[in-house]
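Letter by letter, the chains look like this.
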Amino acid sequence: LEDIDIKESFMLDCSAIYMQGGCVENGFLYIPQGYASAGFILFNVIDLNNKKLVRQVDLLGNGIQWEPEGCFYYGGQVMVTAGTNIWRFRVKKNVNS
């Protein structure tokens, strides 16, 4: 892809450094961020329609040490890949809670 292919963009009220491997479902971008030696591992939920971060979970603070690499949506759940593992996250209907 090239810059000319960008249809729309917006700024978040947070840093996007080390975000990678997100997936989109029902108007929300689910995207992990960081790694242990960077000092943070976060799981972000971004509302694409309202263009804002609606949820950020501190995975490192909850004891998770693995580095998230990719993400996909399957069977009503967000799956995050890390090394040889796949981690499952339940998606709440109200992501603001």
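As a starting point, this report considers the structure included with it. Worth saying up front: this structure is predicted, and the values here are computed from it rather than measured.

## Let's talk about the pattern of salt bridges
Pairing between side chains of opposite charge can happen when their charged atoms approach one another. Going through the model one piece at a time under the given rule, you end up with one salt bridge. A salt bridge links K51 to E8; its shortest N-O distance comes to 2.4 Å. Highlighted residues: K51 in the loop between β3 (40-47) and β4 (52-58) and E8 in the segment before β1 (23-25), separated in sequence by 43 residues.

## Some words on a nonpolar patch on the surface
Together, F72, Y74 and I86 make up an exposed nonpolar region whose accessible area comes to about 340 Å². Mapped onto the fold, I86 is located in strand β7 (residues 85-90). Its relative accessible area of 55% is what places I86 among the exposed residues.

## A few points about the sheet that holds β7
Taking strand neighbours across the sheet as the criterion, the three strands line up as β5-β6-β7 in an open arrangement whose pairing is antiparallel. Across the chains shown, the open sheet's two edge strands, defined by having one partner strand only, are β5 (70-74) and β7. For this sheet, the mean angle separating the axes of adjacent strands, direction not counted, is 25 degrees. Sheet topology note: the β5/strand β6 (residues 77-82) ladder contains five bridges and is antiparallel. Bridging across to β6, F72 finds its partner in M79.

## Notes on the sheet that holds strand β2 (residues 28-35)
One open sheet accounts for four strands, arranged β1-β2-β3-β4; its pairing is antiparallel. Both outer strands of the open sheet, β1 and β4, are each paired with one neighbouring strand and no more. Put simply, the sheet's adjacent strands are angled 25 degrees from each other on average, direction ignored. Judged from the six bridges that link them, β3 and β4 form a sheet pairing that is antiparallel. Pairing of N44 across the sheet is with Q56, part of β4.

## Observations concerning the nonpolar core
Ranked by internal contacts, the top residues of the largest apolar core, which has 14 residues, are Y30, F43, V78 and V80. Mapped onto this core, the elements with two or more residues apiece are β2, β3 and β6. The contact partners of F43, leaving out residues within four places of it in the chain, are Y30, I31, P32, R55, Q56, V57, L59, V78 and V80. Counting five residues, the second largest nonpolar core, distinct from the first, contains L12, M19, L29 and I31.

## Here's the deal with the packing of aromatic side chains
Tallying each qualifying case throughout the model produces four aromatic pairs. Ring geometry for Y18 and F40: centres 6.1 Å apart, planes at 40 degrees, overall tilted. Taken as a pair, Y18 in the segment before β1 and F40 in strand β3 lie far apart in primary sequence, 22 residues in all. Taking the centre distance of 4.6 Å and the plane angle of 5 degrees together, the rings of F43 and F89 count as stacked. On the criterion of sequence distance, the pair formed by F43 in strand β3 and F89 in strand β7 is long-range, its members being 46 residues apart. Of the two residues, F43 and F89, neither departs from the other in class, the shared state being buried.

The rules behind the values
Residues numbered from 1 in each chain as written. Predicted model: local features only at pLDDT ≥ 70, side-chain atom pairs only at ≥ 80, totals over all residues. Heavy atoms only, no water. Salt bridge = Lys/Arg side-chain N within 4 Å of Asp/Glu carboxyl O. Helix = DSSP H or I, 4+ residues; strand = E, 2+ residues; numbered from the N terminus. Patch = residues over 30% accessible without salt bridge, like charges linked within 9 Å, V, L, I, M, F, W, Y side chains within 5 Å. Areas by Shrake-Rupley, 256 points an atom, 1.4 Å probe, with all protein chains shown as cover. Buried < 20%, exposed > 50% of the residue type's maximum accessible area, 1.4 Å probe, protein only. Pairing = 2+ DSSP bridges. Axes fitted to C-alpha atoms, helices over the stretch in contact; angles between N-to-C directions. Core = buried A, V, L, I, M, F, W, Y, C linked by side-chain atoms within 4.5 Å. Contact = heavy atoms within 4.5 Å. Phe/Tyr/Trp six-rings, centres within 6.5 Å; stacked < 30°, edge-to-face > 60°.

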